[in-house]
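What the coordinates show
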Amino acid sequence: MKKTLSLTLVFLMVLTFFSACSKSDKPSAAERELSITFDSHYENINESSRRAYTSLCEAVINGDEQVLFNTAMTEDVNQLYYTSFPLNVLVKSLNGLESGNGLHIEYNNESAEHKKLVEDFTDKVNEIMNVCGFGKVSGDRYVFNLYQYICENIELDETVLSPYDAITTSKGSTQAISQMFEYLVLQGGGKACHITNFDSGANLLSGAMLSGNWYLFCPALEIKNNGGKGLTCFAMSYERAAETMGVSTFEYTDSVELDSDIFSQTAFDELKTASQYTVNGNEITANCNGTQFVLPIK
């Protein structure tokens, strides 16, 4: 009897040990670390430059004073770093090492304060992603939930210029809000890119993939036009975006003009008059001038 009891206790202890390891190996959403992502327009930048960019971002996150990589790649690295990494605002300067094989990083704050700011930013990103259902809803529904969250919770303020500040203060300019949307789409595993136009510099917007196709989004204009209560700037085709924003051409951040054919899908174009919508479980219905349009999002 004693031998049987002892074996049972040993079994339970081993089971508890492996159960604890299993739980600790799978971090909760609140413990999730930032992914090093970049604007999807730059997916063709060579792998070495992408690795160098990742090393630079990780160094900033950790508060390291230097990062080593071949500085011949600096132009590509900077393109990714200043376009896609919100924490760059915590860095005062990047200067080449005397050895020529990397960069010295100078921060705006002392080490402890810097690490606290990174931690707070990470917590806020995870908080927003949790609210938007990351890991619990489909990728398409996550994009919708994120658009809805931004429209309902972010105040349009053209003096707040960075996506870092938009995320941490819930205020942002058109550019900051667009880049916030893109960054959080990318953090969720989706594809997104930053779009500009030079007909009207204030009308910056985002490209993002939804249901396997590229569309244009402008949550900032949604906030401006109807207090964020509509979907008039959600999942726009190129033609609809040009009409809505009163512009003729759009460009990526490297001045390459958008190919209108890539953004030609019109599945959501009825939303151009959708100043109100309702969410009932998995069904999203927009009021489009008295006509009820059910969004094709699962």
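For the structure itself, look to the data block above.
Being a predicted model, the structure only gives us computed values, none of them experimental.

Thresholds applied
Along every chain, residues carry numbers that run from 1 in the direction the sequence is written. Under the rules for a predicted model, residues below a pLDDT of 70 receive no local features and side-chain atom pairs below 80 are neither given nor counted, while totals for whole chains, interfaces and linings still include all residues. Heavy atoms throughout the structure, all of them, feed into the side-chain values; hydrogens and water do not. DSSP bridges decide pairing: two strands pair if at least two such bridges lie between them. The numbering of helices and of strands both runs from the N terminus, where a helix is a DSSP run of H or I of at least 4 residues and a strand a run of E of at least 2. Contacts were defined at the residue level, with two residues in contact if any of their heavy atoms lie within 4.5 Å. A fitted line through C-alpha atoms serves as each axis, taken over the contacting stretch for helices, and the angle formed by two N-to-C directions is quoted from 0 to 180°. In these notes the angle categories are as follows: under 35 degrees is roughly parallel, over 145 is roughly antiparallel, 65 to 115 is roughly perpendicular, and the rest is oblique. Expected helix span is computed as 1.5 Å times (number of residues minus one). Exposure categories follow from relative accessible area, calculated using a 1.4 Å probe and restricted to protein chains: below 20% of the type maximum is buried, above 50% is exposed, and the middle band is partly exposed. The set of buried Ala, Val, Leu, Ile, Met, Phe, Trp, Tyr and Cys residues whose side-chain atoms join them within 4.5 Å is what this entry labels a nonpolar core. What qualifies as a polar contact is a pair of N or O atoms within 3.5 Å, subject to a donor-acceptor requirement within protein and to the restriction that residues adjacent in sequence count only when both atoms come from side chains. A pair of aromatic rings is counted whenever rings of Phe, Tyr or Trp (Trp by its six-membered ring) have centres within 6.5 Å, and the orientation is called stacked for planes under 30 degrees apart, edge-to-face for over 60 and tilted otherwise.

Regarding the sheet that holds strand E6 (residues 192-196)
Read from one edge to the other, the open sheet built from four strands follows the order E8-E7-E6-E9, with strand pairing classed as antiparallel. Across the chains shown, the open sheet's two edge strands, defined by having one partner strand only, are strand E8 (213-217) and strand E9 (251-252). Pairing between strand E7 (residues 205-210) and E8: five bridges, direction antiparallel. The residue of E8 that forms the bridge with Met-209 is Trp-214. Running at roughly 160 degrees to E6, helix H7 (residues 174-187) makes contact with E6, E7 and E8 of the sheet.

As for the sheet that holds strand E11 (residues 283-288)
Through backbone hydrogen bonds, the strands of a sheet pair up, either in parallel or in antiparallel fashion. Here three strands make up an open sheet; going across it, the order is E10-E11-E12 and the pairing antiparallel. Because the sheet does not close on itself, it has two edges, and the strands there are strand E10 (274-280) and strand E12 (291-294). If you compare each strand with its neighbour and ignore which way they point, the axes differ by 25 degrees on average. Pairing geometry for E10 and E11, over six bridges, is antiparallel. Along E11, the bridge assignment pairs Tyr-277 with Ala-286.

Some remarks on the packing of helix H4 (residues 111-131) against helix H5 (residues 139-153)
For the pair H4 and H5, interaxial distance at closest approach is 9 Å and the crossing angle is 115 degrees. As far as their axial angle goes, H5 and H4 are roughly perpendicular. Taken together, the residues of H5 that come into contact with H4 (itself represented by Lys-124, Ile-128, Met-129 and Val-131) are Tyr-142, Leu-146 and Tyr-149.

Focus: H4
Counted at 1.5 Å a residue, the expected span for H4 with its 21 residues is 30 Å, and the 30 Å between its end C-alpha atoms agrees. Taken as a whole, H4 has its buried residues at His-114, Leu-117, Val-118, Phe-121, Thr-122, Lys-124, Val-125, Asn-126, Ile-128 and Met-129. Looking at the packing, one finds that the buried side of H4 touches helix H2 (47-62), strand E3 (102-107), H5, helix H6 (163-169) and H7. Looking one or two places after H4, you find Gly-133, whose phi comes out positive at around 85 degrees.

Focus on the environment of Leu-156
Residue position: Leu-156 is located in strand E4 (residues 155-156). Classification of Leu-156 by relative accessible area gives partly exposed; the value is 27%. Distance in space between the C-alpha atoms of Leu-156 and Ile-177 is 8.0 Å, their sequence separation being 21 residues. Leave out the neighbours within four places in its chain, and Leu-156 touches Gly-172, Ser-173, Thr-174, Ile-177, Ala-220, Ile-223 and Lys-224.

Description of the pairing of E3
The pairing of strand E1 (residues 66-68) with E3 spans three bridges and is antiparallel. Bridge assignment links Gln-66 to a residue of E3, and that residue is His-104. Sheet topology places strand E2 (residues 91-96) next to E3; five bridges connect them, and they run antiparallel. Counterpart to Leu-94 in the pairing with E3 is Ile-105. Between the antiparallel neighbours E2 and E3 lie five residues, among them Gly-100 with a positive phi of about 80 degrees.

Looking at the environment of Leu-146
Tracing the backbone shows Leu-146 in helix H5. Considering only alpha carbons, one finds Leu-146 and Val-131, 15 residues apart in sequence, at a separation of 8.6 Å. Not counting residues up to four positions away in its chain, the partners in contact with Leu-146 are Ile-128, Cys-132, Phe-181, Leu-184 and Val-185.

Thoughts on the nonpolar core
Counting 89 residues, the largest nonpolar core has Phe-217, Leu-231, Phe-234, Phe-250, Leu-271 and Leu-295 as its most contacted members. Beyond its immediate chain neighbours, meaning those up to four positions away, Phe-234 contacts Phe-144, Tyr-147, Leu-210, Leu-216, Phe-217, Glu-222, Arg-240, Phe-268, Leu-271, Leu-295 and Ile-297.

Describing the side chain of Ser-93
By secondary structure assignment, the location of Ser-93 is in strand E2. A polar atom in the side chain of Ser-93 sits 3.3 Å from the side chain of Asn-95.

Regarding the packing of aromatic side chains
Counting across every chain of the model gives 17 aromatic pairs. Between the aromatic rings of Tyr-147 and Phe-181, the centroid separation amounts to 6.2 Å while the plane-to-plane angle is 85 degrees, which identifies the pairing as edge-to-face. Remark: Phe-181 occurs in helix H7 and Tyr-147 occurs in helix H5; sequence separation between them is 34 residues. Each member of the pair, Tyr-147 together with Phe-181, is buried. Considering the side-chain rings of Phe-217 and Phe-234, the 5.2 Å spacing of their centres and the 85 degrees angle between planes classify their relative orientation as edge-to-face. One end of the pair, Phe-217, is in strand E8; the other, Phe-234, is in the loop between helix H8 (219-226) and helix H9 (238-245), with 17 residues separating them in the sequence. There is no split in this pair, since Phe-217 and Phe-234 are both buried. Through a chain of ring-to-ring contacts, three or more aromatic side chains come together here, namely Phe-144, Tyr-147, Phe-181, Tyr-215, Phe-217, Phe-234, Phe-268 and Tyr-277.

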